[in-house]
Amino acid sequence: ETGVTQSPTHLIKTRGQQVTLRCSSQSGHNTVSWYQQALGQGPQFIFQYYREEENGRGNFPPRFSGLQFPNYSSELNVNALELDDSALYLCASSQGQTNTGELFFGEGSRLTVL
Amino acid sequence: AQRVTQPEKLLSVFKGAPVELKCNYSYSGSPELFWYVQYSRQRLQLLLRHISRESIKGFTADLNKGETSFHLKKPFAQEEDSAMYYCAHNYGGSQGNLIFGKGTKLSVKP
């Protein structure tokens, strides 16, 4: 069974740039959730995708957008990067539209915005 | 706004001592609560969920609706329990998102 994989593991961008983070879900999972984890904080829900459609969104501006592909992998795109976007971005996959709570996390992509 | 509060950033105990990691939530309905754990150099993973009423690695957590709490307990801490612990609440229904607390770092000393 293949776990959740994320790429890249680390990246550095400057203010105003755009970034795309990628996630492959665990085998057999059709739902992907994205979380932002700032230093010293718990993960904060960005949005969730189920069968290629957005299925819930947290309190993040529209410049945070996503996609899910037919193979259930997913991308997180952030436009017009701000310094406060520096964080660890976690992808988590699960089975089913209603989340019973067991999320399987990737190791994250650490984004630094200068 | 829905909130999960973990009042302790760091909890340090000696091996064999009891441990209790506190978690309080704000929600008026029927909560779905979880504890996630992150060991050093490992990814975040589910430890236990209140609906299962299970004991995992000697840890238990009881939902107290009156006190809106879901504290994690273990009678005898082990060094391998040292990790970051996050309490989480799923209030999203069909949206199914989790609200996480800020986490408590548990350090078990030999």
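Anything mentioned here points back to the structure above.
Our subject in this report is the structure included herewith. Remember, predicted model here, so these are calculated numbers, not experimental data.

**Points about the layout of surface pockets**
A volume near 440 Å³ is recorded for the largest pocket. In this structure, the largest pocket is lined by 22 residues; those nearest its centre are Pro43, Gln44 and Phe45 of chain A together with Ile99 and Phe100 of chain B. For the lining of the largest pocket, the elements supplying multiple residues, two or more each, are strand 4 (31–37) and strand 5 (44–50) of chain A together with strand 1 (3–5) and strand 10 (98–100) of chain B. Counting residues per element, the lining of the largest pocket draws most heavily on strand 10 of chain B, at three residues. Here the lining of the largest pocket is built from residues that sort into eight nonpolar, 11 polar and three charged. The calculated volume of the second largest pocket comes to roughly 210 Å³. Partitioned by chemical class, the residues of the lining of the second largest pocket number four nonpolar, four polar and two charged.

**Things to note about unusual backbone geometry**
In terms of backbone geometry, most residues other than glycine have negative phi values and most peptide bonds are trans. In this structure, Pro8 of chain A follows Ser7 of chain A across a cis peptide bond, with omega equal to -10°. Following the sequence through the fold, Pro8 of chain A ends up in the loop between strand 1 (5–7) and strand 2 (10–13). You will see that Tyr72 of chain A, though not glycine, has its phi angle at about 75°, which is positive. Although it is not a glycine, Lys57 of chain B adopts a positive phi angle of roughly 55°. If you trace the backbone, Lys57 of chain B turns up in the loop between strand 6 (45–49) and strand 7 (60–64).

**Considerations on the packing of aromatic side chains**
Here the structure, examined in full by the defined rule, presents 10 aromatic pairs over all chains. When the centroid spacing of 5.6 Å and the interplanar angle of 85° are considered together, the rings of Tyr35 of chain A and Phe100 of chain B count as edge-to-face. Taken together, the residues Tyr35 of chain A in strand 4 and Phe100 of chain B in strand 10 connect one chain to another. The class of Tyr35 of chain A is buried, set by a relative accessible area of 0%. Between Phe47 of chain A and Tyr49 of chain A, the aromatic rings sit 5.4 Å apart at their centres with planes inclined by 85°, giving edge-to-face as the arrangement. Comparing Phe47 of chain A with Tyr49 of chain A shows no difference in burial state: the two are buried. Site record: aromatic cluster; members linked through ring pairs are Tyr35, Phe45 and Phe105 of chain A together with Tyr36, Tyr86 and Phe100 of chain B. The ring of Phe14 of chain B carries Lys109 of chain B above its face, with NZ or CZ at 5.8 Å from the centroid.

**Quick look at the side chain of Gln37 of chain A**
The residue Gln37 of chain A is located in strand 4 in this model. Assessed through its relative accessible area of 10%, Gln37 of chain A is described here as buried. Here the side chain of Gln37 of chain A touches Gln41 of chain A through a polar contact of 2.9 Å, landing on its backbone oxygen. Among the polar contacts listed, one links the side chain of Gln37 of chain A to the side chain of Tyr86 of chain B, at a separation of 2.8 Å. The residues touching Gln37 of chain A, leaving out its near neighbours within four places in the chain, are Gly42, Pro43, Ala87, Leu88 and Leu90 of chain A together with Tyr86 of chain B.

Procedures and definitions
- Within each chain, residues carry numbers counting from 1 in the order of the written sequence.
- All chains are assigned letters beginning with A, and all ligands numbers beginning with 1, in the order in which they are written.
- Reporting of local features is limited, given that this is a predicted model, to residues whose pLDDT is at least 70; pairs of side-chain atoms are given and counted only at 80 or more, and all residues count toward the totals for whole chains, interfaces and linings.
- Values shown for side chains rest on all heavy atoms present in the structure; no hydrogens or waters enter the calculation.
- Cavity and pocket criteria rest on a 1 Å grid covering protein atoms alone: a 1.4 Å probe that fits but cannot get out defines a cavity, protein on both sides within 12 Å along at least 5 of 7 lines defines an open pocket, and an atom within 4 Å of a point defines a lining residue.
- Grid points are joined across faces, edges and corners, and a volume is the space filled by probe spheres set on the points.
- Strands are runs of DSSP state E lasting at least 2 residues, helices are runs of H or I lasting at least 4, and numbering of each runs from the N terminus.
- In this count, Pro and Cys sit with the nonpolar residues alongside Ala, Val, Leu, Ile, Met, Phe, Trp and Tyr, while Asp, Glu, Lys and Arg are called charged and the others, Gly among them, polar.
- Stacked, tilted and edge-to-face are the three classes applied to pairs of Phe, Tyr and Trp rings, where Trp contributes its six-membered ring and a pair requires centres within 6.5 Å; stacked means planes under 30 degrees apart, edge-to-face means over 60, and tilted covers the rest.
- For each residue, the accessible area found with a 1.4 Å probe, counting protein chains only, is set against the maximum for its type, and the residue is called buried under 20%, exposed over 50%, and partly exposed in between.
- Two thresholds decide whether a charge sits over a ring: the Lys NZ or Arg CZ must be within 6 Å of the ring centre and within 35 degrees of the ring normal.
- Nitrogen and oxygen atoms within 3.5 Å of one another constitute a polar contact, given that in protein one can donate a hydrogen and the other can accept it, and given that sequence-neighbouring residues count only through two side-chain atoms.
- The contact rule is simple, with two residues in contact once any of their heavy atoms fall within 4.5 Å.

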